[in-house]
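# Coordinate inspection notes
One letter stands for each residue in the lines below.
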Amino acid sequence: MTTLIALDGITKVLKGQEQPRTILDGVGLTVDAGQSVAIVGRSGSGKSTLLSVIGLFDRPDQGSYQLDGQEIARLPERRAAKLRSSHFGFVFQRFFLLKHLTAAQNVAMALVNGQGWLPRRQRRTRVLEALDQVGIAHLAKSRPTKMSGGEQQRVAIARALVRDPKVLLADEPTGALDTETGTLVIDALLAATERGCGLILVTHDRDHAARMGRIHDLVDGVLTERVAVR
Amino acid sequence: MRRLSGRFRSSLIIGLQGIRARKLRTLLSMISLFLGVLAVVVVQAGASIAERALLADLEITQGYDGTRVMDMPMEQASTDMLAATVHGRSDAVAMMGVSGIVGEPGVLPVNPGAAPLDQDWGPAMVCNDVGCEPAPGVKGQAVEVRLTALSGDVRKFRPFRTVTGQWLDFSKVPAMSPKLVLNRAAADAFNQYRVPAEMRVGGAAANVTPQFVGVVDDGDMQPRAYVRLDELTTWLPTSRMADPMTGGEMRLLMSPGSPVEPVVVSKLKALGNEPYVYTVESRKDQEKQLTLMRLVFFSMAGLVLLIGVAGILNVGLATVGERVEEFALRRAVGTPRSLLAGIVLAETLLTGLLTAAAAIGAAAAGLKVVTMLVGNSQPILSDVQFPWEAGIAGIIAGLVAGVLGGFIPALRAAGIPIATVMRA
Ligand SMILES: Nc1ncnc2c1ncn2[C@@H]1O[C@H](COP(=O)(O)OP(=O)(O)OP(=O)(O)O)[C@@H](O)[C@H]1O
Ligand SMILES: [Mg+2]
């Protein structure tokens, strides 16, 4: 198993207010290819902050972050943008689909990177493949306003998958969905891990967490692995 | 190359998607900019039309830029020399003016000295060896004109506009009785005074019945009648033309570099005259006035354009505010900041260009309508083409407005933190 992500002693301090607040306090975490990890914790415990550090939205104040064996804890924005598009797929609680674009165009959006777009043909096949993976290829031409929440979230997952990411980062992807639809979404995410993709899922739902390979608790910025009690 | 074009293309395509998604917004920002670009286009068009009109008037009265002009005293010898030298040439045309009175026999003209009808240049005078005194007799139904004899087609140098009838035809053999073309001032005078058609020229063999074939606009206030020199001389000897009582002006118009100039100069010198030659430089003479006019108009147009830019900026910023999530998301999926800024800039640039095209179209159509409605009564406006300078000025104005109005929103968009998507 190749190690995709190795965090060690990651610390994030929020400044700006009267006194600095430590949001992440020496977090360590490794994720291998094909592994799925759940991160659970109370609201405000720092789960989203951790994901934004892993997804290179933000940089840690201390600690080491290795992606594919490469140290990237302090990376200039230009290279971070490249890595975001080459290594990560993101799914959020809200779907963030652009209302003025069709499902296919929304998915194609993730194919824009520093070099512009892929040629139209390749773009089409990859978008349709991604939509097919989450089971909604028939909705390619529909607009988000005409879709159910579950369908919209699956478009968002297709958008995350279209670049063949090495790691999927999902921040409460089922938070806005009913149990049944949520299960479908988790199915789609787990399907990606079978093709070797790593998955980090932030969730409040015990059942969804239990389907992951490992569960980590985040309490006041400190991450601990829950010992399996199967 | 492919990398660059791919990037450029994707900002354009995504920018276009953005415009299509927000048609009303785009329309709103277009309205203010439209007025600004329209102002620039109209000012530029007005300036070049005014410039052309101004120059056209100068060309009629002075001659085209670059024309060489030589004035010389009217004397028998120089008149004969000039007539012989320029005979049959088209690169040099001599104009010789004599006095002609058209009307009732034996009366003084209403405008002695061929004065413009609304001016009084004093009474007619007769001169002899002792001095001059007012001519005897009473004013009657007669009009005095400057009878201007032409050795060739002067319109090569001064583009007279034909008002009615025809211009003199220099290609035919000279007629026995001279054909005359009046200028506007003369035509007006004959409209005002119904005179018997007989023409007296001092020293002519006999009075003739003039044959008027047309009216032209020559830009002159003085009543004039143009005639072919070779037709006039069948009836009036050159010796009489040089008579100080009747003649007075002799002018030679030449193309730049015409071989006639050195010949005439040396011949005149041999006759004991010092010729005075100059070049017509209408544009240069008007430059200062035109520059000032342009400056005033452009500062006004610039002001209006600035308001347009403020409009596009305002709408642009509001749009970025609304699209924080979209931009954060785009950055999350790996769109670099520069491309994001490019997308916003592409949107305002496209809006600016679209607006410029609309404004140019509106201005061109407006000009067409105006020329159609008033072109007949305002000769300056008839036959006016939309000047291309105005089109270019409009496109530049649209581009500048797009860049200025899109720059700050683009910077804003590029600076949106990605983590926004996690906290929304
Ligand atoms: N930009 C910010 N400014 C101020 N405080 C912030 C900012 N970002 C995060 N925080 C604070 O950091 C803490 C952790 O936030 P975070 O969003 O990571 O929590 P979370 O575990 O994802 O919570 P939830 O389950 O509600 O999504 C919170 O107390 C939050 O108030
Ligand atoms: Mg959160």
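Residues numbered from 1 in each chain as written. Chains lettered and ligands numbered in written order. Predicted model: local features only at pLDDT ≥ 70, side-chain atom pairs only at ≥ 80, totals over all residues. Heavy atoms only, no water.

## A word on the overall build of chain B
To keep things clear, this is the line we draw: Helix numbers and strand numbers start at the N terminus; a helix is a DSSP run of H or I with at least 4 residues, a strand a run of E with at least 2. Any residue under 20% of the maximum accessible area for its type is buried, any over 50% is exposed, and the rest in between are partly exposed; the area is computed with a 1.4 Å probe on protein chains only. Working rule for contacts: check all heavy atoms of both residues, and any pair within 4.5 Å makes them a contact.
The helix and strand inventory of chain B stands at 12 helices and 12 strands. Looking at chain B as a whole, 47% of its 424 residues are labelled buried. Residue pairs at least 24 apart in sequence account for 86% of intrachain contacts in chain B once pairs closer than 6 positions are excluded.

## Describing the overall build of chain A
Just so we agree on the cut-off: Surface exposure here means Shrake-Rupley accessible area, sampled with a 1.4 Å probe, where a residue is shielded only by the protein chains that are shown.
Broken down by element type, chain A carries seven helices and 10 strands. Scored against the burial criterion, the 230 residues of chain A give a buried share of 56%. Taking as baseline every contact in chain A between residues at least 6 positions apart, the subset at least 24 positions apart corresponds to 68%. Carbon together with sulfur atoms contributes 47% to the accessible area of chain A, which is approximately 10,700 Å² in total.

## Section: the UniProt feature "transmembrane region" (unreviewed entry) in chain B
Let me state the cut-off plainly: UniProt positions are given in the numbering used here, feature names are shortened, and annotations may be inferred rather than shown by experiment.
When the UniProt feature table is mapped onto this chain numbering, "transmembrane region" (unreviewed entry) sits at residues 27-47, 295-318, 339-370 and 390-414 of chain B. In residues 390-414 of chain B, the share of helix is 100% and the share of strand is 0%. The end C-alpha atoms are 35 Å apart.

## So, the packing of helix α2 (residues 23-61) of chain B against helix α8 (residues 282-322) of chain B
All names here are of chain B. Rule in force here: Every angle, taken between N-to-C directions, lies between 0 and 180 degrees, and every axis is a line fitted to C-alpha atoms, over only the stretch in contact when it is a helix. In what follows, roughly perpendicular refers to angles from 65 to 115 degrees, roughly parallel to angles under 35, roughly antiparallel to angles over 145, and oblique to any angle outside these ranges. For this scheme, ten residues count as nonpolar: Ala, Val, Leu, Ile, Met, Phe, Trp, Tyr, Cys and Pro. Four count as charged, namely Asp, Glu, Lys and Arg, and the remainder, Gly too, count as polar.
Two numbers describe how α2 lies on α8: the axes approach to 7 Å, and their chain directions differ by 175 degrees. Here α8 runs roughly antiparallel to α2, going by the angle between their axes. When grouped by side-chain class, the residues that make up the contact of α2 with α8 number 22 nonpolar, 11 polar and five charged.

## Comments concerning a positive patch on the surface
Where we set the bar: Patch building starts from residues that exceed 30% relative accessible area and form no salt bridge, then joins like charges within 9 Å and nonpolar side chains (Val, Leu, Ile, Met, Phe, Trp, Tyr) within 5 Å. Here, a salt bridge means any Lys or Arg side-chain nitrogen found within 4 Å of an Asp or Glu carboxyl oxygen. In this tally, Lys and Arg are treated as positive and Asp and Glu as negative; His is ignored, and so are the chain termini. Throughout, a charge is located at the NZ atom of Lys, the CZ atom of Arg, the CG atom of Asp or the CD atom of Glu.
Together, R120, R124 and K141 of chain A together with R9 of chain B give the surface a local cluster of positive charge. For R124 of chain A, a relative accessible area of 54% corresponds to the exposed category.

## Observations regarding the nonpolar core
Going by this rule: In plain words, nonpolar cores are sets of buried Ala, Val, Leu, Ile, Met, Phe, Trp, Tyr and Cys residues tied together by side-chain atoms within 4.5 Å.
Counting 97 residues, the largest nonpolar core has I5, I54, Y65, F88 and L189 of chain A as its most contacted members. Contacts of F88 of chain A, omitting those with residues within four sequence positions, involve I5, I54, G55, L56, Y65, L67, L83, P165, V167 and L169 of chain A. Formed by 38 residues, the second largest nonpolar core is a distinct cluster that contains A92, V145, A187 and V265 of chain B.

## Some remarks on the site of ligand 1
The line we're drawing: We call a residue near a molecule or strand as soon as one heavy atom of that residue lies within 4 Å of the molecule or strand. Polar contact is defined as a pair of N or O atoms within 3.5 Å, subject to the rule that within protein one atom must be able to donate a hydrogen and the other to accept it, and that residues adjacent in sequence are counted only when both atoms are side-chain atoms.
Around ligand 1 sit 15 residues in total, of which S43, K47, S48 and T49 of chain A together with R423 of chain B are the nearest. Per-site note: the chains with residues close to ligand 1 are chains A and B. Between ligand 1 and the protein, one listed contact pairs an oxygen atom with a backbone N or O atom of S45 of chain A at 3.3 Å. Here ligand 1 loses 66% of its free accessible area of 620 Å² to cover by the protein chains. Secondary-structure elements contributing two or more residues to the shell around ligand 1 are β2 (21-32) and α1 (47-54) of chain A. The greatest single-element share of the shell around ligand 1, amounting to three residues, is contributed by α1 of chain A. Its residues placed into classes, the shell around ligand 1 shows two nonpolar, eight polar and five charged.

## Remarks on the interface of chain A and chain B
Selection criterion: Here the quantity called buried area is the total loss of accessible area, with a 1.4 Å probe, experienced by two parts when brought into contact, counted for both.
Contacts between chain A and chain B engage 28 residues on the former and 29 residues on the latter. Counting each side, the surface lost to burial between chain A and chain B is near 2,600 Å², with a carbon and sulfur contribution of 64%. The interface formed by chain A and chain B includes two salt bridges. One salt bridge connects E77 of chain A with R331 of chain B, and the closest N-O pair in it is separated by 2.8 Å. The interface formed by chain A and chain B includes three residue pairs in polar contact (both at pLDDT 80 or more). Mapped by element, the contributors of at least two residues to the side of chain A that touches chain B are α1 and α2 (77-87) of chain A. When its residues are assigned to classes, the side of chain A that touches chain B shows 13 nonpolar, 10 polar and five charged.

## Quick word on the side chain of N106 of chain A
Residue and element names in this part refer to chain A. Among the secondary structure elements, N106 is positioned in helix α3 (residues 103-108). Only 3.3 Å separates the side chain of N106 from the backbone oxygen of L101, close enough to count as a polar contact. With residues up to four places along the chain from it excluded, the contact list for N106 reads L97, L98, L101, P144, V155 and R159.

## Side note on the pattern of salt bridges
Residues and elements named next belong to chain A. As enumerated under the stated definition, the model contains 23 salt bridges over all chains in all. Put simply, D187 and R211 hold a salt bridge, and the shortest N to O gap is 2.5 Å. With D187 in helix α6 (residues 179-194) and R211 in the loop between α7 (206-210) and β9 (214-219), this pair connects stretches of sequence that are 24 residues apart. A residue is classified by how much of its surface remains accessible, and D187, at 32% relative accessible area, is partly exposed.

## Notes on the packing of aromatic side chains
As a reminder, the rule being used: Pairing of aromatic rings covers Phe, Tyr and the six-membered ring of Trp, with a centre-to-centre limit of 6.5 Å; geometry is then stacked below 30 degrees between planes, edge-to-face above 60, and tilted otherwise.
A complete count under the given rule lists nine aromatic pairs over all chains for this structure. Ring geometry for F160 of chain B against W167 of chain B: centres 5.5 Å apart, planes inclined by 85 degrees, an arrangement best described as edge-to-face. Given the relative accessible area of 5%, F160 of chain B is considered buried. Given the relative accessible area of 9%, W167 of chain B is considered buried. Taken together through their ring pairs, the aromatic side chains of F57, F88, F90, F92 and F96 of chain A make up a single cluster.

## Looking at the environment of L317 of chain B
Residues and elements named next belong to chain B. Tracing the backbone shows L317 in helix α8. Between the C-alpha atoms of L317 and P409, which are 92 residues apart in sequence, the distance is 5.1 Å. Filtering out sequence-adjacent residues up to four positions away, L317 remains in contact with I408, P409 and R412.

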